[in-house]
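Letter by letter, the chains look like this.
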Amino acid sequence: MRLYAALTALIGTAIGVGVLFFANSALSPLLLGGPGSTCPEPDCALGAGLWLIAGAVAVVLVAFLAGLLRPAEQPVRRGLWIALWCTAVYLVESVVVWVLI
């Protein structure tokens, strides 16, 4: 039963993070050249992209491990809650990365 929760968390988080990553990629030209931008260079987009990729990999692995930690009566529901929270963490990370750049 733990494996169901872990796989649900893994797949749900991967989908959520993938959507957010491609949204970040589409919005990067607007986010880099905004008013008060400290680094409008392409190097900043590369740096933000690397942080976002590393964060995506980390949050998907954390979601899988969180699904394996304890058994649940409803493993799919637990996996979806884990995916929701991990995707929210990735959203916060992407906001922080773009604010810092």
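Preceding block: the structure.
I will try to describe carefully the structure that is included in this document.

Analysis parameters
Residues numbered from 1 in each chain as written. Predicted model: local features only at pLDDT ≥ 70, side-chain atom pairs only at ≥ 80, totals over all residues. Heavy atoms only, no water. Core = buried A, V, L, I, M, F, W, Y, C linked by side-chain atoms within 4.5 Å. Buried < 20%, exposed > 50% of the residue type's maximum accessible area, 1.4 Å probe, protein only. Helix = DSSP H or I, 4+ residues; strand = E, 2+ residues; numbered from the N terminus. Contact = heavy atoms within 4.5 Å.

With that settled, the discussion passes to the nonpolar core. If you look at the biggest cluster of nonpolar residues, it comprises 16 residues, and the most contacted ones within it are V59 and Y90. Elements supplying a minimum of two residues to this core: α1 (2-32), α2 (42-69) and α3 (75-100). Per-element tally for this core: the top contributor is α2, with 7 residues. When residues no more than four places from it in sequence are discounted, the contact partners of Y90 are V17, L20, F21, N24, L52, G55, A56 and V59.

A word on the environment of I82. With respect to the helices and strands, I82 occurs in helix α3. Note on I82: relative accessible area 10%, which makes it buried. Taking the C-alpha atoms as reference, I82 lies 8.7 Å from A5; in sequence the two are 77 residues apart. Setting aside anything within four residues of it in sequence, one finds I82 in contact with A9, T13, A63, A66 and G67.

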